[in-house]
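Tertiary structure, described
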Amino acid sequence: MSEQPPPVDGDDRRTDGAAGAGERPAPTEADLAGAQRVRYRRAPRYRVLVGLGVAVGAVLALVLALTSEPSATYSRAAVFGYLLAALGLSLGLLGGLVGVLLERVARRG
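Residues numbered from 1 in each chain as written. Predicted model: local features only at pLDDT ≥ 70, side-chain atom pairs only at ≥ 80, totals over all residues. Heavy atoms only, no water.

Side note on the packing of aromatic side chains
Tallying each qualifying case throughout the model produces one aromatic pair. Ring geometry for Y74 versus Y82: centroids 5.9 Å apart, planes at 90°, classification edge-to-face. The class for Y82 is exposed, based on a relative accessible area of 54%. (Phe/Tyr/Trp six-rings, centres within 6.5 Å; stacked < 30°, edge-to-face > 60°. Buried < 20%, exposed > 50% of the residue type's maximum accessible area, 1.4 Å probe, protein only.)

Section: a nonpolar patch on the surface
A cluster of nonpolar side chains, L94, L97, V98, L101 and L102, forms an exposed patch at the surface whose accessible area comes to about 440 Å². Classification of L97 by relative accessible area gives partly exposed; the value is 47%. (Patch = residues over 30% accessible without salt bridge, like charges linked within 9 Å, V, L, I, M, F, W, Y side chains within 5 Å. Areas by Shrake-Rupley, 256 points an atom, 1.4 Å probe, with all protein chains shown as cover. Salt bridge = Lys/Arg side-chain N within 4 Å of Asp/Glu carboxyl O.)

Describing empty space enclosed by the protein
Inspection of every chain in the model, using the stated rule, returns one cavity of 30 Å³ or more. The calculated volume of the largest cavity comes to roughly 40 Å³. Forming the boundary of the largest cavity are A65, S68, E69, P70, S71, Y74, S75, R76 and V79. Residue composition of the lining of the largest cavity, by class: four nonpolar, three polar and two charged. (1 Å grid on protein atoms, 1.4 Å probe; cavity = no way out; pocket = protein on both sides within 12 Å on 5 of 7 lines; lining within 4 Å. Points joined across faces, edges and corners; volume = space filled by probe spheres on them. Nonpolar A, V, L, I, M, F, W, Y, C, P; charged D, E, K, R; others polar.)

See the structure below:
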């Protein structure tokens, strides 16, 4: 069997083939001298939720504009634009509201 080089700093692989490869030894008091406890808070990503609401509003506006009866005063593009503005804004705000509610539920749990 060929001899393996010693592990470098941060390399947790054991070279002796013993069980428990990848386990780190428990930290000592000296290791924890300057350590601080932190609380990991999971928060929703508002940008994603609002963007998803706007995207759903855009798809819904497109479907409604293409399936509605043509108007003599407005073109389909104008109807799509109006619906996009109204539905995109409304569903984007709804996505942000969902994010706020998710954060409140996460704080309680």
